Amino acid sequence: MAANGQLLINGKAHGQTTLFVWQGTTRRTYLVEVTQQSLDEYARVIRTAVNDPLITVAVAKNSIVVSGSVVDVQQFARVNDIVTRFIDLSRNEHFNVVNAVTVAQQLGSLQKDISKVPGLEHVGVDLDGKGNVVVSGTVRDRQAAELALQRAGGVAGAYLAADGKVIDRMTTEKTTQIGVKVYILEIDNSGLTQLGLRLQGANADPSNPGAFIYGDPMFLGLETATPSALNIGSFVRVTRLAPTLDLIIRTGHAKILSEPNLVTTPGTAAKFLVGGEIPYAFSTGLGQITIVFKEYGVKLDMTPKMLGNGSIDTVIAPEVSDLDFQNGISLNGFVVPALKTSKLSTEMITQPGESVIMGGLLRHIEQRSIDRLPILGDLPVLGKLFRSTRYQNSQTDVVFIMTPEAIVR
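Parameters and conventions
- Residues numbered from 1 in each chain as written.
- Predicted model: local features only at pLDDT ≥ 70, side-chain atom pairs only at ≥ 80, totals over all residues.
- Heavy atoms only, no water.
- Helix = DSSP H or I, 4+ residues; strand = E, 2+ residues; numbered from the N terminus.
- Buried < 20%, exposed > 50% of the residue type's maximum accessible area, 1.4 Å probe, protein only.
- 1 Å grid on protein atoms, 1.4 Å probe; cavity = no way out; pocket = protein on both sides within 12 Å on 5 of 7 lines; lining within 4 Å.
- Points joined across faces, edges and corners; volume = space filled by probe spheres on them.
- Nonpolar A, V, L, I, M, F, W, Y, C, P; charged D, E, K, R; others polar.
- Salt bridge = Lys/Arg side-chain N within 4 Å of Asp/Glu carboxyl O.
- Pairing = 2+ DSSP bridges.
- Axes fitted to C-alpha atoms, helices over the stretch in contact; angles between N-to-C directions.
- Contact = heavy atoms within 4.5 Å.
- Patch = residues over 30% accessible without salt bridge, like charges linked within 9 Å, V, L, I, M, F, W, Y side chains within 5 Å.
- Areas by Shrake-Rupley, 256 points an atom, 1.4 Å probe, with all protein chains shown as cover.
- pLDDT = per-residue confidence, 0-100.

### Description of the overall build of the chain
- From N to C terminus, the chain includes 7 helices and 21 strands.
- Counting over 409 residues, the chain shows a buried share of 30%.

### Looking at empty space enclosed by the protein
- Scanning the entire structure with this criterion turns up 1 cavity of 30 Å³ or more.
- Size it by volume and the largest cavity reaches roughly 40 Å³.
- In terms of lining, the largest cavity is formed by Val180, Met302, Thr314, Ile316, Val356, Met402 and Pro404.
- Elements with a minimum of two residues in the lining of the largest cavity: β17 (312-331) and β21 (387-408).
- Residue classes in the lining of the largest cavity are distributed as 6 nonpolar, 1 polar and no charged.

### Here's the deal with the pattern of salt bridges
- Within this structure, the stated rule accounts for 8 salt bridges.
- The partner of arginine 44 in a salt bridge is glutamate 41, and the shortest N-O contact between them spans 3.1 Å. With a gap of 3 residues between them, arginine 44 and glutamate 41 both fall in helix α1 (residues 39-50), about one helical turn apart.
- Classification of arginine 44 by relative accessible area gives partly exposed; the value is 44%.
- Where aspartate 141 meets arginine 140, a salt bridge forms, and the shortest distance between an N and an O atom there is 2.6 Å.
- Taking relative accessible area as the criterion, arginine 140 reaches 44% and is therefore assigned partly exposed.

### A few points about unusual backbone geometry
- Of note in the backbone geometry, asparagine 51 takes a positive phi value of approximately 50° without being a glycine.
- Summarising the element assignment, asparagine 51 is placed in the loop between α1 and β3 (55-60).

### As for the sheet that holds strand β7 (residues 133-139)
- Reading across from one edge, β6-β7-β8 is the order of the 3 strands in this open sheet, with mixed pairing throughout. The sheet terminates laterally at β6 (123-127) and β8 (166-172), the two strands that pair on one side only. Sheet twist, expressed as the average angle between the axes of neighbouring strands with direction ignored, equals 15°.
- Both β6 and β7 contribute to a ladder of 5 bridges, which runs antiparallel. Along β7, the bridge assignment pairs aspartate 126 with valine 134.
- Relative to β8, helix α4 (residues 142-155) is tilted by about 155°, and along the sheet it contacts β6, β7 and β8.

### Examining the sheet that holds β3
- Taken together, 3 strands build an open sheet; the order of strands is β3-β4-β5 and the sheet is mixed. Of all strands in the sheet, those bounded by a partner on one side alone are β3 and β5 (96-103). For this sheet, the mean angle separating the axes of adjacent strands, direction not counted, is 15°.
- Across 8 bridges, strand β4 (residues 63-70) lies against β5 in parallel orientation.

### Focus on a nonpolar patch on the surface
- On the surface, a cluster of nonpolar side chains totalling about 330 Å² of accessible area is made up of Ile289, Ile291 and Phe293.
- The topology assignment puts isoleucine 291 in strand β16 (residues 288-306).

### Considering the confidence of the model for the chain
- Scored by pLDDT, the chain has a mean of 75; 72% of the residues are at 70 or more.
- In the model of the chain, helix α6 (residues 217-220) stands out as the element of lowest mean pLDDT, 34, in contrast to β8, which has the highest, 91.
- For the stretch residues 211-240, pLDDT sits under 50, and the model shows 57 contacts to residues farther than four places along the chain or on other chains.

What follows is the structure, given as structure tokens:
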């Protein structure tokens, strides 16, 4: 016993025990009973913490039931956080806490915001029970659907779980596709310089929005624009572009490799290849040989999708490759060529009808021509006197001009 005549007992759980205390030669026996805090006390604490007249906290046998309705998800999150703390405590105290609180208008504000947008009157938003927001209904076309998803994604953060998503379950009255007109040009240095001067010589007219002034900006009193590797223009507005292309093609400084028209649905990749495939053999083990084919030539991969404001977001990945026998590998008397590759990848947003011009993909070709006299040119030593070798190097730039546009049917 402590010097002041007090004894401290710390109860770890509810129940009964016997305590013996000796003082000198005298022993005293005590019956100690540790009782559990009543469920009414826990219910009173929960009721005080929640402090909402619409929430009822009641005791039923060995459980505490929290029920009622709150106005929105934010209020539900606050009540759920309080109840969750008591659920953790109940595991040690051997009683149950049941959360039966519901939300009166789960997505009321979000539904009102979307319904106010013209064309989205028949779009509904709901929770799927897994922390996701589901957008459903019927809209006119893909642009309207993307607008609804954009609006829902902008204000649905408070309703989404940590890994929740905005799920698209909408249907469209009209089918939306994206057509892409592609020009693939091979331009030499002279033509590329002329094309660049023409494109960067057009400046916006400050007195006439939407129009362009052509000429030297230094003489016109305009500030010189900084050239960009990726230039965006419109075939309708930049009226010098088409004549410039015609000129460099007519003068032999450029040639059209291909001009395909690609059509795809929003979000689906469209691919194009001008070239071919070369076979490669490799061992898969146990003496087995497998043949695979590698694409080469001029290749274009793009994935366009619609945006809510009518713009088109396109992921573009052009590639130019050529066979390189000089750096190839000799295998069983055959030369397996390597590939010279130039490629890039970017993402652009354009209005329907605007064009994306991408250059910088160089194509370097080396040729060796041997002229020799029959028989004499094959002699071991003197044959060099009867043959000649010519080397030709050429370097061109492959330019991609792409014009995506929405097609609604």
